[in-house]
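The chain contents come next:
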Amino acid sequence: MVEEIIAAIAVAGSAGVVYLAAGARVVKQYERGVVLRLGRLAGEVRSPGFTMIVPFVDRLRKVNIQIVTLPIPAQEGITRDNVTVRVDAVVYFKVVNAADAIIQVEDYRFAVSQMAQTSLRSIIGKSDLDDLLSNREKLNQGLELMIDSPAIGWGVQIDRVEIKDVSLPETMKRSMARQAEADRERRARIINADAELQASKKLAQAAEVMSEQPAALQLRLLQTVVAVAAEKNSTLVLPFPVELLRFLERAQSGQAPVAPEPQAKRPPETPPPTDEQQVTEDTEPPALANGAGRLPEGLGVPDAFGDTDGLGIPGAFGDLDAPGRLPESREPEAPEELGEKPLD
C-alpha cells in the first residue's frame, strides 16, 4: 500500500514538473510578451525575463521592439513637372505597443511596407524633380508624417524615412549634364573676363609709369629676353619697337624729340562739269597740233587727221588750188546748213 502511495506521489510530482516546464517562458530583453488566454488578451504585456503561462490555455506571442530597417521597393512615378523617375527609400520603425501590434493589425511589417510604398508614390506625384534631387530633407519629413499617421494605431512608431536613390531617364541625364556644362562655362567666362579687366587696369598703370620713364621700356625688354632665353631655344625672335630705336638715337645725339611733320593738304577736288559745260566741250573743235593755222569754225574737221601743209586743212582732202580755198570737188554746196560763213 505504501509503495503505491509513493509511486502515485512520484507520478504526481513528475506531472507537476512537466506542467511547470510546459508553462515556463523566457522573454528576451529586446522583446515583449503578449499573452492570449483562450483567445483573449490576458493581463499586461510581459516584461523581459522568466514568466509563466498556463499550459494548453495561454498562448504567448513575443514582439520584437528593436528598430527595424525596412527597404521600400523602387517606385516609378511622374513628378509634378512631368518627368518619369524611379525612387526607392528606407523606413526605420519600431514597436512601442506590443499589444496593439498583435491585436490591431494582422502583420505590422507588411502593413508598414505597403503604407510606405503608397506614400512614396504620393510624394513623387506632388514634388518637382528639383525637390527630389536637392530638397530631400523636406520630402523625408513629409513622407515620415504620411506613414506615421496610420502607424500610430498599430502600435508602431516611425523613427526615420530616407529617400535612397532617384533614377532618371538617360535623356534627362544628358540634358542635365549639358545644363551643368553650360553653367560651368558661363562661370568660367565671367571669371576670365574679370581677370582680363583686372589685368588691363594693371597694364594701363604700368604703361603710364613707363611713359614717364622711357628707360623702363628697355629694361622690360631685357627682362623679356632673359625669360625667353631660359627656355634654351635655338631661335629667339625678339620684337624691337621702333620707338625704342628713335629714343636711343635721340639719346645718343643729344637732340630734342622732333615733332611729327604735318600732313600735306590735299588739293581741292574739281567739281564735275555741268550739262551745259559738257555740251560746249563736246561741240568745240579741238586746236591744231602744231598751231600753224586754224580751220574755220564751220568745217568741223577732226584733229586726228593733223595739219599737213600748214594751211589748217588736212592733206587727206586733196591738193589745194589756192591758199585758203578748198578744191572745187570738196567745196561745200550749202554753207548755210553748217551755220558758218563760207571761206573767202
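Read on for a plain summary of the structure. Predicted, not measured: the structure shown is a model, and the values here were computed from it.

In this section: the overall build of the protein chain. Along the protein chain, the regular secondary structure elements total 10 helices and 8 strands. Classification of the 344 residues of the protein chain by burial places 22% in the buried group. Pairs at least 24 apart in sequence give 57% of the contacts found in the protein chain among residues at least 6 apart. Carbon and sulfur atoms provide 54% of the accessible area of the protein chain, an area that totals close to 25,400 Å².

A few words on the sheet that holds strand β7 (residues 84-95). Read from one edge of the open sheet, 3 strands run β6-β7-β8, paired in antiparallel fashion. Strands with a single pairing partner mark the edges of an open sheet, and in this sheet they are β6 (68-78) and β8 (156-167). Averaged over all neighbouring strand pairs, the angle between strand axes comes to 25°, with direction disregarded. Lying on the sheet, helix α3 (residues 108-126) is in contact with β6, β7 and β8; it crosses β6 at an angle near 35°. This element, helix α5 (residues 136-151), spans β7 and β8 of the sheet and lies at about 140° to β8.

Quick look at a nonpolar patch on the surface now. The grouping of Tyr19, Leu20, Val26, Phe50 and Met52 at the surface amounts to a nonpolar patch, some 520 Å² of accessible area in total. One can find Leu20 in helix α1 (residues 2-23).

With that settled, the discussion passes to the environment of Val45. On the secondary structure map, Val45 appears in the loop between β3 (40-41) and β4 (49-52). What makes Val45 partly exposed here is its relative accessible area of 30%. The spatial distance from the C-alpha of Val45 to the C-alpha of Lys62 is 9.6 Å, given a sequence separation of 17 residues. Setting aside residues no more than four positions away along its own chain, Val45 makes contact with Arg32, Gly33, Val34, Ala98 and Ala99.

Here the focus is the sheet that holds strand β2 (residues 31-37). Strand pairing in a sheet relies on backbone hydrogen bonds. The paired strands run either parallel or antiparallel. Ordered by their spatial adjacency, 3 strands build an open sheet running β3-β2-β5, and the pairing between neighbours is antiparallel. Since the sheet does not close on itself, it has two edges, and those belong to β3 and β5 (58-64), each with one partner. Pairing analysis gives 7 bridges linking β2 to β5, with the strands arranged antiparallel. Across the sheet, Val35 pairs through a bridge with Leu60, a residue of β5.

Time to look at the nonpolar core. Counting 36 residues, the largest nonpolar core has Val85, Val91 and Phe93 as its most contacted members. Within the residue set of this core, elements represented by two or more residues are β6, β7, α2 (98-103), α3, α4 (129-134), α5 and β8. With 7 residues, the single largest contributor to this core is α3. With sequence-adjacent residues up to four places away left out, Val85 is seen in contact with Gln75, Glu76, Gly77, Thr79, Ile124, Leu129, Leu132, Val166, Ser167 and Leu168.

The next point concerns the environment of Arg220. Within the secondary structure, Arg220 sits in helix α7 (residues 215-229). As for Arg220 and Met210, which are separated by 10 residues in sequence, their C-alpha atoms are 9.4 Å apart.

Let us look at α5. End to end, α5 covers 22 Å across 16 residues, agreeing with the expected 22 Å (1.5 Å per residue, within 8%). Here the buried face of α5 lies against β7, α3, α4 and β8.

Here α3 crosses α5 at 140°, and the two axes come no closer than 9 Å. With respect to each other, α3 and α5 are oriented oblique. Of the two possible hands of crossing, α3 and α5 adopt the one that is right-handed. Here Met115, Ala116, Ser119, Leu120, Ser122 and Ile123 of α3 lie close against α5, whose contacting residues are Leu139, Gly142, Leu143, Met146, Ile147 and Pro150. Across the contact of α3 with α5, the residue classes tally to 9 nonpolar, 3 polar and no charged.

Any two side chains of opposite charge can pair, given that their charged atoms come close. By the definition in use, this model includes 7 salt bridges. Its salt-bridge partner being Asp128, residue Arg80 comes within 3.1 Å of it at the nearest N-O pair. Note that Arg80 is positioned in the loop between β6 and β7 and Asp128 in the loop between α3 and α4, a separation of 48 residues in sequence. With a relative accessible area of 54%, Arg80 lands in the exposed category. For Asp128, a relative accessible area of 24% puts it in the partly exposed group. The partner of Arg189 in a salt bridge is Glu185, with the nearest N and O atoms 2.8 Å apart. Here Arg189 and its partner Glu185 are both found in helix α6 (residues 170-212), 4 residues apart, which amounts to about one turn of the helix. Here Arg189 falls in the exposed class, since its relative accessible area comes to 57%.

What counts and what doesn't
- Residues numbered from 1 in each chain as written.
- Predicted model: local features only at pLDDT ≥ 70, side-chain atom pairs only at ≥ 80, totals over all residues.
- Heavy atoms only, no water.
- Helix = DSSP H or I, 4+ residues; strand = E, 2+ residues; numbered from the N terminus.
- Buried < 20%, exposed > 50% of the residue type's maximum accessible area, 1.4 Å probe, protein only.
- Contact = heavy atoms within 4.5 Å.
- Areas by Shrake-Rupley, 256 points an atom, 1.4 Å probe, with all protein chains shown as cover.
- Pairing = 2+ DSSP bridges.
- Axes fitted to C-alpha atoms, helices over the stretch in contact; angles between N-to-C directions.
- Patch = residues over 30% accessible without salt bridge, like charges linked within 9 Å, V, L, I, M, F, W, Y side chains within 5 Å.
- Salt bridge = Lys/Arg side-chain N within 4 Å of Asp/Glu carboxyl O.
- Core = buried A, V, L, I, M, F, W, Y, C linked by side-chain atoms within 4.5 Å.
- Expected span 1.5 Å × (residues − 1).
- Parallel < 35°, antiparallel > 145°, perpendicular 65-115°, else oblique.
- Left-handed = near helix turned anticlockwise from the far one by under 90°.
- Nonpolar A, V, L, I, M, F, W, Y, C, P; charged D, E, K, R; others polar.

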